[in-house]
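Topology and contacts: notes
Chain by chain, the residues run as shown.
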Amino acid sequence: MVKWFKPVVFLACLGPLARLGWKAYNNALGANPIEVITHSTGDWTLIFLLVTLAITPLRKLTGQLWLIRYRRMFGLFAFFYVVLHFLTYIWLDKFFDVHEMLADIAKRKFITVGFTGFVLLIPLAITSTAGWIRRLGGKRWQLLHQLIYVSAMAGVVHYWWLVKADVHKPLEYAVVLGVLLGYRVVASLLPAGRTRATAPTRSVQLPDSV
Amino acid sequence: MLIKKSAVIPSSEITPRSLYLNRRKFLAGAAVAGAVAAVGSRLDELATPSLTVDADAKIDGVKKSPLSTTEKITPYKDVTNYNNYYEFSTDKYEPAGLAKDFKTRPWTVTIDGLVSKKQVLDVGTIIKMAAPEERIYRHRCVEGWSIVVPWVGFSLSELIKRAQPLGKAKFVEFTTVYDPKQMPGQQGRVLDWPYVEGLRLDEANHPLALLCFGMYGEALPNQDGAPLRIVVPWKYGFKSAKAIVRIRFSDSQPLNTWNKMAPNEYGFYSNVNPNVDHPRWSQAKERRLGEFLKRPTLMFNGYDQVASLYSGMDLKKNF
Ligand code: HEM
């Protein structure tokens, strides 16, 4: 892939935030700006989680090995947006009322699940560096990073539980996630040679199957 | 009451009320003559000069009401662009566009059930039953946001008294129009259409309960429930049914749409109550559109005068 491609993708990933910022600046976030920000950052968290999870299947199905180099970036953007999402919640929604926030996390199923999804991403973000991969070793790192499956599932359930009646959007996410996770189940059942054929030898530095 | 296209006629040219009333008598007389020809129709329907109302029309002769709040009114732009109106869309920003061409004339409302005067009334007749008042009410959505709206209408009791409910009648049920061709949201099955809401008769007769056909001094915009809706300010917004085509009196509690859809989340009463949380979120606070911080939600949305309707009732059980 061309050298400038990665920075371009990086900037594109900041697009949703830039768009929110631009709209906020122009007073164009509508009647309930805080809701728009919460929803937008939540949506993009989920989208980036799914994009991250799509890398491995795409790479294996297309044989495009370079894709793997974008996986960490997308995963970190998922984390970036969930941090914004969470900040919106504690700042704009709860105004740093820790007591209220804890009550919410304990009492509201959809917050409990969302919070779980968020907390699970923290160790993944921390250990996303090459140094940590080396320290943990490929196998253990890989195992740890399977938490993204749980986090994404938590994200979908979170969305499902928060809508009042119209589950069609969470359903779309659920279907995509189902396909991405289903692929892994099927792949793990197939003879190893077939799915591993294209695995790169650099797997210690960039372990696959996550 | 006069309803005129706001842009066209300067207020200096608006017909004086006395003159207008004379003309109205004349029209009514003409209508009586016409009634002979119209089989099975009722006098009060025909007396309607159907030339009066269109959307965007200014409503004249609106009296201020002592029931109004003095709180800051939410901007018109927000109240008309942020709507929970699932008949059009579950997205709050879409009804404004999707309801643009919704036809609110001709429009009739069926009044039936346990009343001595079962009838089909033209909406034009209904809105002339009593003098229009401006009622500035707080409006609290079950989702945790609120607005302050200058509604135009009169107490629902005005209509109820004319319908003459029988002694057995204990509840009133309101049905929203079912017209999937015009209401794209009804083409899906998000809710069980048509939308049904209900009140206990004594709730419906409370002076605060408003039969509403306007806001901000004009006819109701389509996305806010034109041509006729109710506004029950001490209850969560979904109790205030929009685009009403039927008002039925009964002796049994109506099964309102949201209650049917999720009985553990949305009760029949659905009074605004900061102490009873929605199973999935807190109702203790609300975001007033336009405000940065949430404000505490008030019992009965601050309309304490309705408390006596529920004396002796466990409002945690009857949520
Ligand atoms: C992996 C973690 C998470 C994901 C994927 C996620 C995703 C989402 C999505 C997709 C939405 C709905 C957006 C829409 O309606 O368009 C949403 C809404 C929301 N999320 Fe999250 N979220 C996560 C974590 C959290 C956390 C940690 C909190 C707070 C503790 C939180 C609080 C909320 C709130 C308050 C809403 C809005 C609810 C409403 O409007 O009723 N989320 N989230």
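Residues numbered from 1 in each chain as written. Chains lettered and ligands numbered in written order. Predicted model: local features only at pLDDT ≥ 70, side-chain atom pairs only at ≥ 80, totals over all residues. Heavy atoms only, no water.

**So, the interface of chain B and chain A**
Operational definition: Between two residues, a contact is recorded if the distance between any of their heavy atoms is within 4.5 Å. Buried area, as used here, totals the accessible surface that two parts lose on assembly, with accessibility defined by a 1.4 Å probe and the loss added over both. In the sections that follow, a salt bridge refers to a side-chain nitrogen of Lys or Arg positioned within 4 Å of a carboxyl oxygen of Asp or Glu. Identification of polar contacts relies on pairs of N or O atoms within 3.5 Å, with a donor-acceptor requirement for protein atoms, meaning one able to donate a hydrogen and the other able to accept it, and with residues adjacent in sequence counted only if both atoms are side-chain atoms. A run of DSSP states H or I qualifies as a helix once it reaches four residues; a run of E qualifies as a strand once it reaches two. Both are numbered from the N-terminal end. Put simply, Ala, Val, Leu, Ile, Met, Phe, Trp, Tyr, Cys and Pro go in the nonpolar bin, Asp, Glu, Lys and Arg in the charged bin, and everything else, Gly too, in the polar bin.
Across the boundary between the two partners, chain B contributes 28 residues, which contact 24 residues of chain A. Of all residues in chain B, Arg-280, Arg-287 and Phe-292 of chain B bury the most surface against chain A, accounting for 30% of the area lost on that side. Linking chain B to chain A there are four salt bridges. Of the charged contacts in the structure, one is a salt bridge between Asp-277 of chain B and Arg-108 of chain A, with a shortest N-O distance of 2.8 Å. Between chain B and chain A we count eight residue pairs in polar contact (both at pLDDT 80 or more) in total. Contributing elements (two or more residues each) for the side of chain B that touches chain A: α8 (257-261) and β14 (285-288) of chain B. In terms of residue class, the side of chain B that touches chain A is made up of 15 nonpolar, five polar and eight charged.

**Examining the coordination of the iron atom of the ligand**
Residue and element names in this part refer to chain A. Convention followed: Metal donors: N, O and S atoms at distances within 2.8 Å, or within 3.2 Å for Na, K and Ca, with water omitted from the atom set so that some sites may seem incomplete. A four-donor site is called tetrahedral if each angle lies between 85 and 135 degrees; a four-donor site is square planar, and a six-donor site octahedral, when trans pairs exceed 155 degrees and the remaining angles lie between 65 and 115; all other cases are labelled irregular. Think of it in three bands: residues with accessible area under 20% of the maximum for their type are buried, residues over 50% are exposed, and the middle band is partly exposed, with areas taken using a 1.4 Å probe on protein chains only.
Protein coordination at the iron atom of the ligand comes from His-85 (NE2) and His-158 (NE2), with a distance range of 2.0 Å. Note that the iron atom of the ligand binds six donor atoms; their angles at the metal cover 85 to 179°, and the shape is octahedral. Note that His-85 is positioned in helix α4 (residues 71-93) and His-158 in helix α9 (residues 147-162), a separation of 73 residues in sequence. The burial state of His-85 is the same as that of His-158; both residues are buried.

**A look at α9 of chain A**
Residues and elements named next belong to chain A. To keep things clear, this is the line we draw: Here the expected span of a helix is defined as 1.5 Å times the quantity of residues minus one.
Along its 16 residues, α9 runs 23 Å from first to last C-alpha, staying within 8% of the 22 Å computed at 1.5 Å per residue. All of the buried residues in α9 are Ile-148, Tyr-149, Ser-151, Ala-152, Ala-154, Gly-155, Val-156, His-158 and Tyr-159. Taken together, the buried residues of α9 touch α3 (33-62), α4, α6 (109-126), α8 (138-145) and α10 (168-189).

**Regarding the pattern of salt bridges**
Side-chain pairs of opposite charge can arise whenever the charged atoms involved come near each other. Counted under the stated rule, the structure contains 28 salt bridges over all chains. Where Lys-285 of chain B meets Glu-100 of chain A, a salt bridge forms, and the shortest distance between an N and an O atom there is 3.0 Å. Of this pair, Lys-285 of chain B sits in strand β14 while Glu-100 of chain A is found in helix α5 (residues 98-107), placing the two residues in two different chains. Using a relative accessible area of 31% as the deciding quantity, one classes Lys-285 of chain B as partly exposed.

**Some words on the packing of α4 of chain A against α6 of chain A**
All names here are of chain A. Using the following cut-off: Note on geometry: axes are C-alpha line fits, over the in-contact stretch for helices, and angles between N-to-C directions span 0 to 180 degrees. What sets the label is the angle itself: under 35 degrees gives roughly parallel, over 145 gives roughly antiparallel, 65 to 115 gives roughly perpendicular, and the rest give oblique. Each crossing gets its handedness from the near helix: less than a right angle anticlockwise from the far helix is left-handed, clockwise is right-handed.
Here α4 crosses α6 at 135°, and the two axes come no closer than 10 Å. As judged from the angle between their axes, α4 and α6 are oblique. Note that α4 runs across α6; the crossing there is left-handed. For the pair α4 and α6, contact is made by Leu-76, Phe-79, Val-82, Val-83, Phe-86 and Tyr-89 and by Ile-111, Phe-115, Phe-118, Leu-121, Ile-122 and Ala-125, respectively. Classifying every residue of the contact of α4 with α6 by side-chain character gives twelve nonpolar, no polar and no charged.

**A closer look at the confidence of the model for chain B**
All names here are of chain B. Note the following rule: As a per-residue measure, pLDDT tells how confident the predictor is, with possible values from 0 to 100.
In this model, chain B carries a mean pLDDT of 85, and residues with pLDDT of at least 70 account for 82%. Note that residues 4-54 has pLDDT below 50 and, in this model, 50 contacts with residues that lie over four places away or in other chains. Reported confidences for the modelled complex are a pTM of 0.78 and an ipTM of 0.73.

**Some details on the site of the ligand**
Residue and element names in this part refer to chain A. Cut-off, in case you're wondering: Put simply, a residue is near a molecule or strand once any heavy atom of it comes within 4 Å of that molecule or strand.
Within the structure, the ligand sits among 21 residues, and His-39, Asp-43, His-85, His-158 and Leu-162 are positioned closest to it. With respect to the ligand, the side chain of Asp-43 contributes an N or O atom lying 2.9 Å from an oxygen atom. His-158 is positioned with one of its side-chain polar atoms (N or O) 2.7 Å from a nitrogen atom of the ligand. Contributing elements (two or more residues each) for the shell around the ligand: α3, α4, α6 and α9. Here the residues of the shell around the ligand sort into ten nonpolar, ten polar and one charged.

**Structural notes on the packing of α6 of chain A against α9 of chain A**
All names here are of chain A. Where α6 contacts α9, the axes come no closer than 8 Å and their chain directions differ by 155°. As judged from the angle between their axes, α6 and α9 are roughly antiparallel. For the element pair α6 and α9, the recorded crossing hand is left-handed. Of the residues in α9, those in contact with Lys-109, Phe-110, Ile-111, Val-113, Gly-114, Gly-117, Leu-120, Leu-121, Pro-123 and Leu-124 of α6 are Leu-147, Ile-148, Val-150, Ser-151, Ala-154, Val-157, His-158, Trp-161 and Leu-162. Among the residues making up the contact of α6 with α9, the classes are represented as 14 nonpolar, four polar and one charged.

**Let's talk about the confidence of the model for chain A**
Residues with a pLDDT of 70 or more make up 90% of chain A, whose mean pLDDT is 88. Mean pLDDT in chain A bottoms out at helix α11 (residues 192-196) of chain A, which sits at 52, and peaks at α9 of chain A, which reaches 96.

**Structural notes on the nonpolar core**
The condition that has to hold: To qualify as a nonpolar core, a set must consist of buried Ala, Val, Leu, Ile, Met, Phe, Trp, Tyr and Cys residues joined through side-chain atoms within 4.5 Å.
Core analysis: the biggest nonpolar cluster contains 82 residues, and Trp-151, Leu-156, Phe-174, Ile-230, Trp-234, Ile-247 and Phe-249 of chain B have the highest contact counts within it. Looking at this core, the element that brings in the most residues is strand β7 (residues 145-155) of chain B, giving six residues. In contact with Phe-249 of chain B, not counting residues within four places along its chain, are Ile-111, Asp-112, Gly-113, Leu-114, Val-115, Ile-160, Ala-163, Pro-165, Ala-169, Phe-171, Val-172 and Leu-201 of chain B. Judged by nonpolar contacts, the second largest core, of 39 residues, contains Leu-53, Met-73, Phe-118 and Val-156 of chain A.

**What to know about α4 of chain A**
The end-to-end C-alpha separation of α4 of chain A is 32 Å, in line with the 33 Å expected for 23 residues at 1.5 Å each. After α4 of chain A finishes, the residue Phe-95 of chain A shows a positive phi value of roughly 45°.

**Details of unusual backbone geometry**
Backbone phi values are negative for most residues with the exception of glycine, while trans is the configuration of most peptide bonds. Residue and element names in this part refer to chain B. The linkage connecting Trp-193 with the following residue, Pro-194, adopts the cis geometry, with an omega of -5°. A cis amide bond links Ala-226 to the next residue, Pro-227, at an omega of 0°. On the secondary structure map, Pro-227 appears in the loop between β11 (218-219) and β12 (229-231). Notably, Ser-270 is not glycine yet its phi reads approximately 45°, a positive angle. Here Ser-270 lies in the loop between α8 and β14.

**So, the side chain of Glu-87 of chain B**
All names here are of chain B. Selection criterion: All tallies of charge rest on Lys and Arg as positive and Asp and Glu as negative; His and the ends of each chain are not included.
In this fold, Glu-87 is placed in the loop between α3 (76-79) and α4 (95-98). The buried charged residue Glu-87 lacks any salt bridge, with Lys-242 as its nearest oppositely charged partner at 6.0 Å. Excluding residues that lie within four positions of it along the chain, Glu-87 makes contacts with Thr-176, Met-183, Pro-184, Gly-185, Gln-186, Trp-193 and Tyr-195.

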